[in-house]
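# Architecture and fold: a report
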Amino acid sequence: MIAKHSFKNYLCLLILGSLFLCCKKKEEQPDPDPEMPAVVTGKVYGSAFTAKVILERYTAFGMNSYRPEDLFCIYLADERSLTCSSPVKDFAIRLSVPKKIGVFSGNDVYILVNNPNDPTGQDGALFSSEQTIITVKSISGDRVSGQVEVKWAEMNIDFKGRFEAVYCK
């Protein structure tokens, strides 16, 4: 009787131990960076900017070893009425970054900032630097999300924050 009871105990312990080992603790998400605003905000040519529309749309722009189809082109505007069919020149900022999850800077990113003082949309700055950091955190079937931090003191451009760009179809 004792041997039979011990076998059942060992069997129960073996099953419970297996279940315990098979159950994987859910990975904890890191706390959001308290220094990173919830939306992209800052200065563009010295003027206050807060992104109200963020879209990802195709462009024929390629850079370095990246073809256009290898890049996300994320357009930001402070005008709520802009949509996927709005002219590109109406968007204040374009972030170009590789279509993959990671942290990118230098020659892996290009930023186009339109000068808000030029109504034609022809004046602006296209630049890349080590101080420009774009992080792509997630990619899904209809959107890309991440964060951006851009500083260019000479042009009075300084903005940062989190973004979630819906794909234009």
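Residues numbered from 1 in each chain as written. Predicted model: local features only at pLDDT ≥ 70, side-chain atom pairs only at ≥ 80, totals over all residues. Heavy atoms only, no water.

## Digging into the side chain of Thr-59
Summarising the element assignment, Thr-59 is placed in the loop between β3 (53-56) and β4 (71-77). Leaving out residues up to four positions away in the same chain, Thr-59 has contacts with Pro-68, Cys-73, Tyr-75 and Arg-94. (Helix = DSSP H or I, 4+ residues; strand = E, 2+ residues; numbered from the N terminus. Contact = heavy atoms within 4.5 Å.)

## Considerations on the packing of aromatic side chains
All chains considered together, the criterion is met by four aromatic pairs. Taken together, a centroid distance of 6.1 Å and an interplanar angle of 75° make the contact between Phe-61 and Tyr-110 edge-to-face. Within this pair, whereas Phe-61 is found in the loop between β3 and β4, its partner Tyr-110 is found in strand β7 (residues 110-114), the two being separated by 49 residues in sequence. With a relative accessible area of 19%, Phe-61 lands in the buried category. Between Phe-127 and Trp-152, the aromatic rings sit 4.5 Å apart at their centres with planes inclined by 45°, giving tilted as the arrangement. One end of the pair, Phe-127, is in strand β8 (residues 124-127); the other, Trp-152, is in strand β10 (residues 143-152), with 25 residues separating them in the sequence. Trp-152 gets classed as partly exposed once you look at its relative accessible area, which sits at 24%. We note Arg-57 situated over the ring of Tyr-75; from NZ or CZ to the ring centre the distance is 5.6 Å. A cation over a ring is seen here: Arg-94 above Phe-61, with NZ or CZ 4.3 Å from the ring centre. (Phe/Tyr/Trp six-rings, centres within 6.5 Å; stacked < 30°, edge-to-face > 60°. Buried < 20%, exposed > 50% of the residue type's maximum accessible area, 1.4 Å probe, protein only. Lys NZ or Arg CZ within 6 Å of the ring centre and 35° of its normal.)

## Considerations on the state of the cysteines
For the structure shown, the criterion picks out one disulfide. Two residues, Cys-84 and Cys-168, share a disulfide whose sulfurs are 2.0 Å apart. Handedness of the Cys-84-Cys-168 disulfide follows from its S-S torsion of about -85°: it is left-handed. Of the two residues, Cys-84 sits in the loop between β4 and β5 (93-98) while Cys-168 sits in the segment after β11 (157-167), which places them 84 residues apart along the sequence. For Cys-84, a relative accessible area of 34% gives the class partly exposed. (Disulfide = S-S within 2.5 Å.)

## Details of the nonpolar core
Counting 29 residues, the largest nonpolar core has Ile-74, Leu-76, Ile-93, Leu-95, Ile-111, Val-113 and Phe-159 as the members making the most contacts within it. Counting residues per element, the ones that place at least two in this core are β4, β5, β7, β8, β9 (133-139), β10 and β11. If you tally residues by element for this core, the top one is β11, at five residues. When near neighbours in sequence (up to four residues on either side) are disregarded, Phe-159 contacts Val-40, Thr-41, Gly-42, Lys-43, Val-44, Ile-93, Leu-95, Ile-111, Val-113, Val-148, Glu-149 and Val-150. Core analysis: the second largest hydrophobic core is formed by eight residues, Cys-73, Ala-77, Leu-82 and Phe-91 among them. (Core = buried A, V, L, I, M, F, W, Y, C linked by side-chain atoms within 4.5 Å.)

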